[in-house]
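Survey of secondary and tertiary structure
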Amino acid sequence: MVTLPAARAWAGTELYVSAEESGEIIVVDADRGEVAARIPVGKRPRGVKLSHDGKLLYVALSGSPRAAPGVDESKLPPPDRAADGVGVVDLATRKLVRTYASGQDPESFDLSRDGKTLYVSNEDASELSVLDLGTGKVSRKIAVGGEPEGVTLRPDGKAVYVTSEQDNQVVAIDTKKLSVIARIPTGPRPRAIAFSRDGKTGFVTCENGGGVTVFDAVKNTPGASIKIEPVAKTPMGPRPMGAALAPDGKHLYVSNGRGESIAVVDVAGRKLTRLIDGVGARPWGIAAGADGKRVYTANGPSNDVSVVDVATGKVEKRIKVGGLPWGIAVK
């Protein structure tokens, strides 16, 4: 494992990238354009999230074998259920310090506002697990629909939303009662969820629909759909995957998977403003820098991370990381 001293003389932007194939969190110095450390964490790391104080990184780990959509699961290797969990990385020591049991095949999750609870999507089990970080145990499992993936807490913390790729819906769950309060239809194969800063509007990326479903997060009712029209011609066209809100809340950045691009959505106007092409091969994980000047993507098949200048819409650099990058968080 490559590491740097805990006390570093420089103060820059660090990216934490989950490498699904190599089982690592890759620490990337975005300013220098180089890998700073590789932290072994376990099988198939995917979703990542920083703790509110920025000292820890949570990562979803899965013992289920990788498979393309629609594959015959009977021909896959058996899952390693002992490998399922949510790992905790201490960012000062750059070590995995704990792995929580988190339900079967965790993929994505979000952290409660008080930092005490993780809400975890369990893809193979069609459930959302409620993980109490104090006790280290799953306190509740909630049926949410086939192939749950994206999990996002509404800004007020009163509800958590999870996408169901198979059922083409978003499920809203009351975080106090831990019960389903709404099922909102979306476009085909919903992936990720983001909210406007006031929490009144939700946006859902829909991979097979080539667009973003907008919904009223107060009434939990669907609204219009934002179509993402391609500029550069790619074999698959835009396939919306990840979503990241700009720090000022004015724009939503959407990674377009095999479309090899980032869509920039006007949040207030609920419309596509531009497309940034040539980002990388299947950008999935996406994160916005705190200063709003850059957006970062994890590009699986090209095994790199892109640093994109928001003002110019240009890719400043593509940093080779290897390991099939999936998720990304920025500090």
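Scope of this entry: the structure provided in the associated data block.

Conventions adopted
- Residues numbered from 1 in each chain as written.
- Predicted model: local features only at pLDDT ≥ 70, side-chain atom pairs only at ≥ 80, totals over all residues.
- Heavy atoms only, no water.
- Helix = DSSP H or I, 4+ residues; strand = E, 2+ residues; numbered from the N terminus.
- Buried < 20%, exposed > 50% of the residue type's maximum accessible area, 1.4 Å probe, protein only.
- Contact = heavy atoms within 4.5 Å.
- Areas by Shrake-Rupley, 256 points an atom, 1.4 Å probe, with all protein chains shown as cover.
- Lys, Arg positive; Asp, Glu negative; His and termini not counted.
- Charge placed at Lys NZ, Arg CZ, Asp CG, Glu CD.
- Phe/Tyr/Trp six-rings, centres within 6.5 Å; stacked < 30°, edge-to-face > 60°.
- Polar contact = N/O pair within 3.5 Å; in protein donor to acceptor, adjacent residues only side chain to side chain.
- Salt bridge = Lys/Arg side-chain N within 4 Å of Asp/Glu carboxyl O.
- Pairing = 2+ DSSP bridges.
- Axes fitted to C-alpha atoms, helices over the stretch in contact; angles between N-to-C directions.

**Re the overall build of the protein**
- Scanning the protein from terminus to terminus reveals 0 helices and 28 strands.
- Dimensions of the protein, computed from C-alpha atoms along their principal axes, come out at roughly 50 × 45 × 45 Å.
- Residue burial in the protein is summarised as follows: out of 331 residues, 56% are buried.
- Long-range pairs, those at least 24 residues apart, make up 43% of the contacts in the protein between residues at least 6 apart in sequence.
- Here the protein displays about 13900 Å² of accessible surface, and carbon together with sulfur accounts for 49% of that area.
- For the protein, the distance from the average site of its 45 positive side-chain charges to the average site of its 39 negative ones is 3 Å.

**Things to note about the packing of aromatic side chains**
- On inspection of all chains with the given rule, the structure shows 4 aromatic pairs.
- With 5.1 Å between their ring centres and 65° between their planes, Tyr161 and Phe195 make a pair best called edge-to-face. Here the residue Tyr161 occupies a position in strand β13 (residues 159–164), and Phe195 occupies one in strand β16 (residues 190–195), the gap between them amounting to 34 residues. Just as Tyr161 is buried, Phe195 falls in that class too.
- Measuring from ring centre to ring centre gives 5.5 Å for Tyr161 and Phe215, while their planes differ by 35°; the resulting arrangement is tilted.

**Observations concerning the side chain of Thr163**
- Turning to its location among the elements, Thr163 is positioned in strand β13.
- For Thr163, the side chain forms a polar contact with the main-chain oxygen of Arg191, separated by 3.1 Å.

**Considerations on the pattern of salt bridges**
- Applying the stated rule across the entire model yields 22 salt bridges.
- The salt bridge involving Asp110 is made with Lys49; its shortest N-O contact spans 3.1 Å. Residue Asp110 is found in strand β8 (residues 106–111), and its partner Lys49 is found in strand β4 (residues 48–50); the two are separated by 61 residues along the sequence.
- On the basis of relative accessibility, which here comes to 6%, the residue Asp110 falls in the buried class.
- Under the relative-accessibility criterion, Lys49 is labelled partly exposed at 29%.

**Considerations on the sheet that holds strand β6 (residues 85–90)**
- With respect to topology, 4 strands assemble into an open sheet ordered β4-β5-β6-β7, the strand pairing being antiparallel. Looking at which strands have only one partner, the edges of the open sheet turn out to be β4 and β7 (95–100). The sheet shows a mean angle of 25° between the axes of neighbouring strands, taken without regard to direction.
- Relative to β6, strand β5 (residues 56–61) runs antiparallel, the two being bridged by 6 bridges. Residue Leu61 lies in a different strand from β6, and its bridge partner there is Gly85.

**Digging into the sheet that holds strand β9 (residues 117–122)**
- With antiparallel pairing, the 4 strands of this open sheet are ordered in space as β8-β9-β10-β11. In this open sheet, the two edge strands, each paired with only one partner strand, are β8 and β11 (137–143). Pairs of neighbouring strands in the sheet enclose a mean axial angle of 25°, with direction left out of account.
- Across 6 bridges, the pairing between β9 and strand β10 (residues 127–132) is antiparallel. Note on β10: the bridge partner recorded for Asn122 is Glu127.

**Structural notes on the pairing of strand β28 (residues 325–330)**
- Within β28, 6 of the 6 residues are buried, leaving the element largely enclosed by the surrounding structure.
- Relative to β28, strand β1 (residues 14–19) is paired through 4 bridges, and the arrangement is antiparallel. Directly across from Ala19, in β28, lies its bridge partner Pro325.

**A closer look at unusual backbone geometry**
- In this structure, Asp105 is a non-glycine residue whose phi angle is positive, near 50°.
- Secondary-structure assignment places Asp105 in the loop between β7 and β8.
- Look at Glu260: it is not a glycine, yet its phi comes out positive at around 60°.
- Position of Glu260 among the secondary structure elements: in the loop between β21 (251–255) and β22 (261–266).

Bear in mind that shape data such as this cannot, by itself, settle questions of function.
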